Number of protein chains: 2
Amino acid sequence: METVYDTRIVHGTVLTVNDAFDIVEDALLCIDGGRVQRLERMPEPADLPAATETLDAEGCLILPGLVNAHTHLPMTLFRGLADDLPLQRWLEEHIFPAEKNHIAPDTVRIGTLAACAELLLSGVTSCCDGYFFENEVAEAVVETGLRAVLGQGVIDFPAPGVPDPSRNIDAARAFLDKWTGRIPLLEPSVFCHSPYTCGETTLRRAKALAGEHDALLQIHVAETRMEREQCLSAHGVSPVMYLDRLGLLDPRTLLVHAVWLDEEDIRCIADKGCGVVHCPESNMKLASGIAPVPAMLSRGIPVAIGTDGSASNNDLDLLREMDTAAKLHKIHLADPTAMQAEAVVRMATAEGARVLGWAPRLGSLEIGKAADLVIVDARRPSMTPMYRPTSHLVYVADGSTVRDVMVDGRFLVRNGRILSFSWEDVGREWKRVTGRIAPVSKPDRM
Amino acid sequence: METVYDTRIVHGTVLTVNDAFDIVEDALLCIDGGRVQRLERMPEPADLPAATETLDAEGCLILPGLVNAHTHLPMTLFRGLADDLPLQRWLEEHIFPAEKNHIAPDTVRIGTLAACAELLLSGVTSCCDGYFFENEVAEAVVETGLRAVLGQGVIDFPAPGVPDPSRNIDAARAFLDKWTGRIPLLEPSVFCHSPYTCGETTLRRAKALAGEHDALLQIHVAETRMEREQCLSAHGVSPVMYLDRLGLLDPRTLLVHAVWLDEEDIRCIADKGCGVVHCPESNMKLASGIAPVPAMLSRGIPVAIGTDGSASNNDLDLLREMDTAAKLHKIHLADPTAMQAEAVVRMATAEGARVLGWAPRLGSLEIGKAADLVIVDARRPSMTPMYRPTSHLVYVADGSTVRDVMVDGRFLVRNGRILSFSWEDVGREWKRVTGRIAPVSKPDRM
């Protein structure tokens, strides 16, 4: 009996991102039941297996789906609302008032759809989000077909949808109860905002709640120098050591930013097996600082890459973020050999899957792994010639080079068009909703 | 008698980049004889002037053409040939041997065409190039319709096309003699490689030669710490002060990189009226250092932006370079208000024109100025919503958002396709030529 695969992708150059970083030129990639079933050099035509659907990827690179390991999807609503400002003014005069006035279930839904459109079109197959009204985020993400870890926000201040902070853990619990085990591609999580906006009790309860559900705990930590200094002053230890003292650090806690670390912090993160998310463009734009990523990698800490929300970056393009990550650490360490292209591709794929708890199920293109993949068109002038595909992915490619995107064996983007939902329909509502949001000051000098 | 303009562009949002940084929404922009003739809010339909060609720019941003103020066009041949290496190994083991083996009139021609395709598609209307076989560069650039300053390389070593360094000034003179006043959009120049690769006599003769032709002298200066230290040791002064001592500094000398400067250097550059080109991505990737751009801008030094050659960046996308420039200085100075979006847009347009000696003829969209302009499509998800167009240009847009490009009143790109030459035809030769160039080591692990 002949095997008929769901999909076969022919003639592409496959970056497997397996342990050996094997690259297969002129490859045959067969997918069935949402998994990679065959991956090899193209056979003779007579030996080509049958498939329901065939995709020609000649002139293209095929890589594991990109993992955007930290974002706030609905913040697309506030993209470019305010820039070039000190962090406190940006937050207090622009972002917090905008959230107060405009964050509601319907705006969160549309903002999430807009974010997912941007993510899919730029090759992101999985994301890790933390925000409020996370039920609405989840409903929207499910519509788009993305794989995601989604965390209901926990903060000891009145927040969108949770006006009474004493109910923040209850809201997170309700979210976990609703979504745990419900949709295969969606994993609920707890997003504890930070050690400076959540008290000890909240931090401990959030971790306990996450533990009960075997859910990931996401937390911003050591993002700014001020945060570190305040923590040292209030608790006598660094933010990381403070979280450790409270028992929050283990492989199911994901540390976001992790900029202001000392040697002891790095050792502790490595010992406890936490994952870290590096958000270089957000850290640069807000002038927060430079995370010691090469030092963390050398200690074996899994470091993924995130774009952060689009109010602070201002896009969700992980390929551009990869380029920035590579160049930022080279200049910071005065070492052009730091953060080599191969390491950066790993961070954006396999390491992303690892910090979200998905290794070894996905993150690389190998037999038996989930078929989350991206096809990059390498024929435009800026991508030629191509002596080393890995180098081009990091230093040249951006989201616009993405042609096709598959999640769990299903194409969500083909030829640069989203298949899983109608951006045209969403776009109309998007225009209406964002039309109500106005910057505090006159935009530019219009 | 009715006025009939060559072109009218309707309904776009125009960033004039005039002194007041005026932005005109829902604009009418009329072009005739290669110049901007009208620029105003859209009139009533009855008052709309006639034009031979009408372009609808609804949902688009219109800005002055981008100026890539420093590049080495033919180095597209070596894009991604070697990365993540120490500067000396990169140069001596990869780039110099590749230049020795592969730089010839035919490869320079095709490499230049490939570079121009990339430049045009990403919104660059003018560039400043320095390389060897510059006659071939010039012939190719003329084919593409780009506006350019092109400099024949001068270096006191055997160079492609100039095996005998004692003839380097003669070669530069022949280039100036051939191209001065010949093609309106092309200005010949002298590209002196650097103060450490050219002796005093060569430096003085190069400047004298440029002066005789009223041509721009381009020179790499103070790019690395080692260059500065060697200059201090050999000449007792910094590279900038050394050039000043030789009489090289005036408004017709363009200082490229200008990374390792002290206060005295900055004061001298300001006093002498030199322009500077900032190449942030090249400086980051090669870990050269961070140029003190905000300090130079505050002294009134005109600073433009360049991508450098695509062997060291690895693309020619000036919009991405703008994003990097803004973020790099914010993080370097720990100040999110540094390098505001408006300043960065000026650097990439009006200041670029200024350092090349073209102000006030072009660089902004104002009545009477040359019609070099770019139309950016702002309708893709990542560009929405748009509260502040300037912010989006810097922090979101990349070359792929460019829809149309006009140089001197003539469309060279429409709907993302090059009109002035056939990339398809060039692409075939490009593939053949670059197929002969192989990296020294096996690419990745293919």
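Definitions and cut-offs
Residues numbered from 1 in each chain as written. Chains lettered and ligands numbered in written order. Predicted model: local features only at pLDDT ≥ 70, side-chain atom pairs only at ≥ 80, totals over all residues. Least-squares fit on C-alpha atoms with pLDDT ≥ 70 in both. Contact = placed C-beta atoms within 7 Å. Axes fitted to C-alpha atoms, helices over the stretch in contact; angles between N-to-C directions. Helix = DSSP H or I, 4+ residues; strand = E, 2+ residues; numbered from the N terminus. Parallel < 35°, antiparallel > 145°, perpendicular 65-115°, else oblique. Left-handed = near helix turned anticlockwise from the far one by under 90°. Nonpolar A, V, L, I, M, F, W, Y, C, P; charged D, E, K, R; others polar. Pairing = 2+ DSSP bridges. Buried ≥ 20, exposed ≤ 12 C-beta atoms within 10 Å, placed from the backbone. Domains from an automatic or database assignment. Expected span 1.5 Å × (residues − 1). Arc of directions from axis to C-beta. pLDDT = per-residue confidence, 0-100.

### Some details on the relation of the copies chain A and chain B
- Least-squares fitting of chain A to chain B yields an RMSD of 0.0 Å, with the transformation described by 0.0 Å of translation along the axis and a rotation of 180 degrees. Read as a symmetry element, the transformation amounts to a two-fold axis. The C-alpha atom lying nearest the rotation axis in chain A is that of A:Ser400; the distance is 3.2 Å.
- Both copies present the same face, since 100% of the interface residues in chain A are matched by interface residues at the equivalent positions in chain B.

### With respect to the packing of helix 2 (residues 105–121) of chain A against helix 15 (residues 423–435) of chain A
Residue and element names in this part refer to chain A.
- Taken N-terminus to C-terminus, the directions of helix 2 and helix 15 make an angle of 130 degrees; their axes are 10 Å apart at the nearest point. In this view, helix 2 runs oblique relative to helix 15, as classed from their interaxial angle. Where helix 2 crosses over helix 15, the two elements pack in a sense that is left-handed. Here Thr107, Ile110, Leu113, Ala114 and Ala117 of helix 2 come into contact with helix 15, specifically with Trp423, Val426, Glu429, Trp430 and Val433.
- Its residues assigned to classes, the contact of helix 2 with helix 15 shows eight nonpolar, one polar and one charged.

### Observations concerning the sheet that holds strand 11 (residues 253–257) of chain B
All names here are of chain B.
- Read across the sheet, eight strands follow the order 6-7-8-9-10-11-12-13 without closing on themselves; strand pairing throughout is parallel. Of all strands in the sheet, those with a lone pairing partner are strand 6 (66–71) and strand 13 (303–305), marking the two edges. On average, each strand axis in the sheet is inclined to that of its neighbour by 25 degrees, with strand direction left out of account.
- As paired strands, strand 6 and strand 7 (residues 124–131) are joined by four bridges and run parallel to one another. Note that in strand 7 the partner of threonine 71 across the bridge is aspartate 129.
- Packing of helix 11 (residues 318–333) onto the sheet brings it into contact with strand 6, strand 7, strand 12 (275–278) and strand 13, and relative to strand 13 it is tilted by some 130 degrees.

### Brief notes about the interface of chain A and chain B
- Contacts between the two partners involve 63 residues from chain A, matched on the other side by 63 residues from chain B.
- Going through the elements one at a time, strand 2 (23–32), helix 2, helix 9 (280–285), helix 11 (318–333), helix 14 (389–395) and helix 15 of chain A are the ones with two or more residues in the side of chain A that touches chain B.
- A per-element tally of the side of chain A that touches chain B places helix 11 of chain A first, with six residues.
- The class makeup of the residues in the side of chain A that touches chain B is 32 nonpolar, 13 polar and 18 charged.

### Concerning the environment of B:Ala46
Residue and element names in this part refer to chain B.
- Within the secondary structure, alanine 46 sits in the loop between strand 3 (35–41) and strand 4 (50–56).
- Taking the C-beta count within 10 Å as the criterion, alanine 46 has 5 such neighbours and is therefore assigned exposed.
- Once the C-alpha coordinates of alanine 46 and proline 86 are considered, the two residues, 40 residues apart in sequence, prove to be 64 Å apart.

### Description of unusual backbone geometry
- Following A:Asn313, the chain continues to A:Asn314 via a peptide bond in cis, the omega torsion being 15 degrees.
- Inspection of the secondary structure assignment puts A:Asn314 in the loop between strand 13 (303–305) and helix 11.
- One non-glycine residue, A:Asp308, lies in the positive phi region at around 65 degrees.
- Mapping A:Asp308 onto the fold places it in the loop between strand 13 and helix 11.
- Owing to 27 C-beta atoms within 10 Å, A:Asp308 belongs among the buried residues under this scheme.
- In the Ramachandran plot, B:Val17 falls in the positive-phi region, its phi being about 55 degrees despite a non-glycine side chain.
- Following the sequence through the fold, B:Val17 ends up in the loop between strand 1 (4–15) and strand 2 (23–32).

### Considerations on the sheet that holds strand 7 (residues 124–131) of chain A
Residue and element names in this part refer to chain A.
- Overall, parallel pairing links the eight strands, which are arranged 6-7-8-9-10-11-12-13 in an open sheet. The two strands at the open ends of the sheet, each matched to only one other strand, are strand 6 (66–71) and strand 13. Across the sheet, the mean angle separating the axes of adjacent strands is 25 degrees when strand polarity is ignored.
- Against the sheet, helix 3 (residues 134–144) touches strand 7, strand 8 (147–154) and strand 9 (186–192), its axis set at about 170 degrees to strand 8.
- Along the sheet face, helix 11 touches strand 6, strand 7, strand 12 (275–278) and strand 13 and points at about 130 degrees away from the line of strand 13.

### Considering the domain arrangement of chain A
Residue and element names in this part refer to chain A.
- Along its sequence, chain A is organised into domain 1 (4–64 + 372–418) and domain 2 (66–355).
- Between the C-alpha centres of domain 1 and domain 2 the distance comes to 29 Å.
- Of the residues lining the interface, 24 residues belong to domain 1; the matching set on domain 2 comes to 25 residues.
- Element by element, the count of residues in the side of domain 1 that touches domain 2 is highest for helix 14, at five residues.

### Observations concerning helix 5 (residues 200–212) of chain B
All names here are of chain B.
- Compared with the 18 Å implied by 1.5 Å per residue over 13 residues, the 18 Å span of helix 5 between its first and last C-alpha is a close match.
- Within helix 5 the residues assigned to the buried category are Thr202, Leu203, Ala206, Lys207 and Ala210. Buried residues of helix 5, seen end-on, are gathered within an arc of 130 degrees and therefore sit on one face of the element. When the buried face of helix 5 is taken as reference, the exposed residues oriented beyond 90 degrees from it are Glu200, Thr201 and Glu212.
- The secondary structure elements touched by the buried residues of helix 5 are strand 8 (147–154), helix 4 (168–179), strand 9 (186–192) and strand 10 (217–221).
- Once helix 5 ends, the next one or two residues include aspartate 214, with phi positive near 50 degrees.

### Things to note about the confidence of the model for chain A
Residues and elements named next belong to chain A.
- Summary statistics for chain A give a mean pLDDT of 96 and a share of 98% for residues scoring 70 or more.
- Every residue in residues 442–446 scores below 50 in pLDDT, and together they form 12 contacts with partners more than four places removed in sequence or on other chains.
- If you check the scores for this complex, the pTM reads 0.97 and the ipTM reads 0.96.

### Thoughts on the packing of helix 2 of chain A against helix 3 of chain A
Residues and elements named next belong to chain A.
- Between helix 2 and helix 3, the least distance of the axes is 8 Å, while the angle of their chain directions is 35 degrees. Considering the relative orientation of helix 2 and helix 3, their crossing is right-handed. For the pair helix 2 and helix 3, contact is made by Pro105, Val108, Arg109, Thr112, Leu113, Cys116 and Leu120 and by Glu136, Val137, Glu139, Ala140, Val141 and Thr144, respectively.
- Residues of the contact of helix 2 with helix 3, tallied by class, amount to eight nonpolar, two polar and three charged.

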